[in-house]
Every structure is written in structure tokens, then in C-alpha cells.
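# Overview (structure and organization)
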Amino acid sequence: MMTLCGSLLGLSLAHNQALSQQKSPNRIVSLSLASDETLYELLKKKGELPRLIAVSTTSADPKYSYLSHIFHNKTKLKQVPAAIEDVLRLAPDFVVAAKFNNPKLLRAIKNHKINHLILDKFSSINDLINNTHILAKAVNAEEQGQELVQLIRDELKQKSHLSQHSPKKTMLSFSSSLHIMGQNTLFSDLLHSAGFQNALALPGWPKLTLEFLLKIEPDYIVAPCAPKNQNKVFDYLQTTRGWREKKSVQTKKIICIEYRALYSTSFHIVQALRQLKAGYKN
């Protein structure tokens, strides 16, 4: 069997040719939430959901997943642990994984010569758009993929009225562990796309010292929480060193975005965009 390996930057010419020549897979296994949600929606829209036979175990967790509700009712869709033995037991003809899956598992998939696709870019909304196109092409659901992409593009057009102001308002992600999302991250791109700016100039996900945190003065704090729990987050920030000193906390300029939206790596990033802009307006 030919091995298929792609990235969110696009597939190589050889891989594109392989995908076009391969028959549409009918026993698809997804091993990460990054592809679970998108494949489910693509095949549901196409009326061919039974082709997706298994998704990751994370998909059943309501904190992280937009698919958890389907497991409350009878569904033939299985949850598969990220282990090669469990994957092989399902006899898939196509496996989709992400670069953050266990390296041992990814090597095993390649060694068993299973038709597969590995997604490897997640640092911008454009990466997620490219991801959607690649998955749609791989399962012969390009029309449905375009629909999902259009959802994102339509939301991106709805800039916050804050984008008309100069300079742009700054926002800082909250983390009790002080692992804060900086530049060149999906969070930073999310802010930029909505007309805001990341208050942290450092790249990646650095762990800040208390002294460094105290030097940052954002206009808003963005926290992973349900909007209805904003007061609980506010109470915590008010009593926590490093956060309670910030004017944004003292004036209660806090925006809550659901965890599964804020950390989404699928087309559901539109939910984060909507909650970010709604949180600011409120």
C-alpha cells in the first residue's frame, strides 16, 4: 500500500497524485481531535458518515470536544485509543493523525504501511483552513470542505469594531501555571484576526516568571472558561499574585472563551472568534 503523508501547508505533487488515484476510503480512523471534528462534519454533510468508523478518545470529553454529545446517544462510531494494536484491530483503509500524536504510534503507522495522513501545522487560522481542504480532498468531500472553510472566512470578515481604533487593544491569555500563549501561536493569530493584539511579545508558549508577568499590562485578560463562569475567574484573579495587580483585572476586563473553543484545532475555531468578539462587546 502507498503511504500518504501530508501537511497543512499542502501536499506534495506526488501525494496529490496519490490521493487523486486512490479510491475514496471507506474505513477511516481519526486519531486526534484536530481531524475528528472536521472529518465527522465533512462526512455528515456528504451523507456518508458510516465511512468514519473511529475517532480519538478525546472526542468524548465535553471540555475539549464538539463531538461529545454524539456519544450520549446510540452511535456506531467507535473511540479508539492511540495505540497501534487498537488501530490495526479496526482494519482501517485510511488513518488520519497529527504531529502531536505519540511519535511511537506515528512510526508504527508508517511501518505497517497503512494509508495515512499526518497533519503538522496548527499555528494560524490559515493552517486550519488548509487542514480542512486537505482532509476534504483525502475523503472526496471537497464541496463540503469548501462549506466549512467559508464558515471561517465569513467570520473573519466580521472584524470587531475595536479594529478601527489605534493602537489596537492588547490581550493576554490567562494560565494558572503561567504558561502563556505568545507570538506565532494560534491564539495570537486569533487575536489579530479579530482586530486585537497579543500583549506578550515572546514567541511560543513560554512559562513566565512572576516578575515578568507583573511587567505586562494588557487591556484585557482572555481566560479558558465558559462565559457564565466569568465571575468565578474574576474572583480567582483578584486573589492571585501577578494577576490582581493588573488594571484589566481591577476593572474586570476579562473575556471568557470556552476551553474547547479557545484551544480548537479544527473549523470550530469560529466559536473562539465569536466568543472573543462577544466578550469584548459585553
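What comes next concerns the included structure. Every residue gets a number counted from 1 within its own chain, in the order that chain's sequence is written. Only residues with pLDDT of 70 or above have their local features reported here, since the model is predicted, and side-chain atom pairs are shown and tallied only from 80 upward, although totals for entire chains, interfaces and linings are computed over all residues. Note: side-chain values were computed over all heavy atoms of the structure, leaving out hydrogens and water.

## Looking at the layout of surface pockets
Cavities and pockets were defined on a 1 Å grid built over protein atoms only: a cavity is a set of grid points that admits a 1.4 Å probe from which the probe cannot escape, a pocket is an open set flanked by protein on both sides within 12 Å along at least five of seven lines, and lining residues are those with an atom within 4 Å of any such point. Grid points are joined across faces, edges and corners, and a volume is the space filled by probe spheres set on the points. One number sums up the size of the largest pocket: a volume of about 540 Å³. Around the largest pocket sit 28 residues that line it, and Leu 33, Phe 100, Tyr 263, Ser 264 and Thr 265 are the ones nearest its centre. Those elements that place two or more of their residues in the lining of the largest pocket are helix H2 (33-46), helix H7 (186-193) and helix H11 (259-262). Note on residue categories: nonpolar means Ala, Val, Leu, Ile, Met, Phe, Trp, Tyr, Cys or Pro, charged means Asp, Glu, Lys or Arg, and polar means any other residue, Gly included. When grouped by side-chain class, the residues that make up the lining of the largest pocket number 17 nonpolar, eight polar and three charged. Helix numbers and strand numbers start at the N terminus; a helix is a DSSP run of H or I with at least 4 residues, a strand a run of E with at least 2.

## Description of the side chain of Thr 132
Relative to the elements of secondary structure, Thr 132 occurs in helix H5 (residues 125-138). Any two residues whose heavy atoms approach within 4.5 Å are treated as being in contact. Discounting residues that sit within four places of it in the chain, Thr 132 has contacts with Thr 38, Gly 145, Leu 148 and Val 149.

## Points about the sheet that holds strand S4 (residues 94-98)
Spatial ordering of the open sheet is given by S3-S2-S1-S4-S5, a layout of five strands whose pairing is parallel. With partners counted over all chains shown, the strands left at the sheet margins are strand S3 (78-80) and strand S5 (116-119), one partner each. Each neighbouring strand pair of the sheet contributes to a mean axis angle of 20 degrees, computed without reference to strand direction. When DSSP finds two or more bridges between two strands, those strands count as paired. Pairing between S4 and S5: four bridges, direction parallel. Axis lines are fitted to C-alpha atoms, over the contacting stretch for helices. Their N-to-C directions set the angle, which ranges from 0 to 180 degrees.

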